[in-house]
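An overview of the molecular structure
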Amino acid sequence: MTAPGHLEVRRFPVPEPQPGAVLMKVSFSGICGTDKHTYRGESKQYAGTDHEREIIYPLICGHENVGVIEAIGGADSIPDSEGRPLRRGDRIVPAANVPCGKCAFCLNGYPYYFCENLQDYGNSLHAGIPPHLFGGWAEYMYLLPGTPLFRVPDDLPDEVAALTEVMAVTHGFDRARMLNAGWGGGSFGESVAVIGVGPLGFCHLVKARLLGCGKLIAIDRLGSRLELAKKFGATLTINAAETTEKERAQLVREHTGLGPDMVIDCTGVAQSFPECLHLVRYGGTVVEAGAFVDMGPVAINPNADICTKNVSVIGVGGETATSYVPAMNLLARNLDRLPLMDIITHRMPLDRATEAIELAQQDGAMKVLMDPKMK
């Protein structure tokens, strides 16, 4: 991506990995909501934090990756996330980020996106930095020393393994379930509303279904997403393009009684956050998981929207290193229970990347994968 709205194919030398680094042959790389923001020029990330930054073009996008180890620098093997040796030919999902391992946040067990010196594949690691191949929309990807590497279970197809990073972001759902929700109205997590059921929202919907959610609500502006949500067990779907906020609130209240125990915002649009606060029941929890890129401020009333209702708000800045393996295992265990392959709606070659990222924003598409093998 040489500039907002412009993608082109460029060739770089295949690098020899330095000691501790890995060269991965890419099998699939997903198009993420962050990539869509970058394509539209909405490129301020980690806004308001110590490592706020603007994306630098050109860059090779792609941080939702699965591939095969092609070479390991200075050794015949390298440990995976559980200390087992990985060798050439093994399938891996690499972490989307590289923490420094030395700052106060890294040394005290915080999520690795707190790292003061964090580097992100397909984002901060742009194509101007040798050896250039720091994104998954490529035939090969260079993984820096210190990158967490996760072994793909033998029975998990590559296409579904490409969902691992997205599914790993659903750790906010787990945090929400651990909160004390004893304000009445049944067990916590019995009713869940997902606002924005693109790939990130859809993974939250899948997780809610697999964890036994009874009333599962999907709200989106695209009809194809809502139809797929029904196929995965949504008990109520609402088209936001055809309803007002007041109408949506009434439909949700009629379906749940008191309102959802949990509302998960995955729209990537800041304006949806106040509506999530209005939808959730008294004593419920709102998980904000889709606002990775700065889309500006919105107005809320802390008294009416949060304090009076005893609402908990959990902000999610990304996946955690400890959530990759559980995410892969969850997907692998449920291949026969849910049609997980149906989440992958399109596979596209590298030379059609512009078409692919446009397609990923349209009705009829869910997860679009870049496939370097495809011609």
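Residues numbered from 1 in each chain as written. Predicted model: local features only at pLDDT ≥ 70, side-chain atom pairs only at ≥ 80, totals over all residues. Heavy atoms only, no water.

Right, let's get into the confidence of the model for the protein chain. Looking at the protein chain, the pLDDT average stands at 93 and 97% of residues meet or exceed 70. Below pLDDT 50 for its whole length, residues 181-186 participates in ten contacts with residues either more than four positions away or in separate chains. (pLDDT = per-residue confidence, 0-100. Contact = heavy atoms within 4.5 Å.)

The next thing to look at is the pairing of strand β17 (residues 312-315). Alignment of strand β16 (residues 285-288) against β17, held across four bridges, turns out to be parallel. Bridge pairing in β17 links Val 287 to Ile 314. A crossover connection joins β16 to the parallel β17 through helix α10 (residues 302-307); in handedness this β-α-β unit is right-handed. (Pairing = 2+ DSSP bridges. Helix = DSSP H or I, 4+ residues; strand = E, 2+ residues; numbered from the N terminus. Right-handed = clockwise from strand over helix to strand, strands pointing away.)

Right, let's talk about the packing of helix α8 (residues 245-256) against helix α9 (residues 272-279) for a bit. Axis separation between α8 and α9 bottoms out at 10 Å; the angle between their running directions is 35 degrees. As α8 packs across α9, the resulting crossing turns out to be right-handed. Packed against α8, whose contacting residues are Glu 245, Arg 248, Ala 249 and Val 252, the element α9 presents Glu 275, His 278 and Leu 279 at the interface. (Axes fitted to C-alpha atoms, helices over the stretch in contact; angles between N-to-C directions. Left-handed = near helix turned anticlockwise from the far one by under 90°.)

The parallel open sheet is built from six strands, whose spatial order is β14-β13-β12-β15-β16-β17. The open sheet has two edge strands, β14 (236-239) and β17, and neither has a second partner. Neighbouring strand axes in the sheet, compared pairwise and without regard to direction, differ in orientation by 15 degrees on average. Across four bridges, strand β15 (residues 262-265) lies against β16 in parallel orientation. Note that in β16 the partner of Asp 265 across the bridge is Glu 288. Across the sheet, α8 is in contact with β12 (191-195), β13 (215-220) and β14; its angle to β13 comes to roughly 170 degrees.

Moving on to helix α6 (residues 199-210). With twelve residues, α6 ought to run about 16 Å at 1.5 Å a step, and its terminal C-alpha atoms sit 16 Å apart, in line with that. With eleven of twelve residues buried, α6 lies mostly within the body of the structure. Within two residues after α6, Gly 212 carries a phi angle of roughly 95 degrees, on the positive side. (Expected span 1.5 Å × (residues − 1). Buried < 20%, exposed > 50% of the residue type's maximum accessible area, 1.4 Å probe, protein only.)

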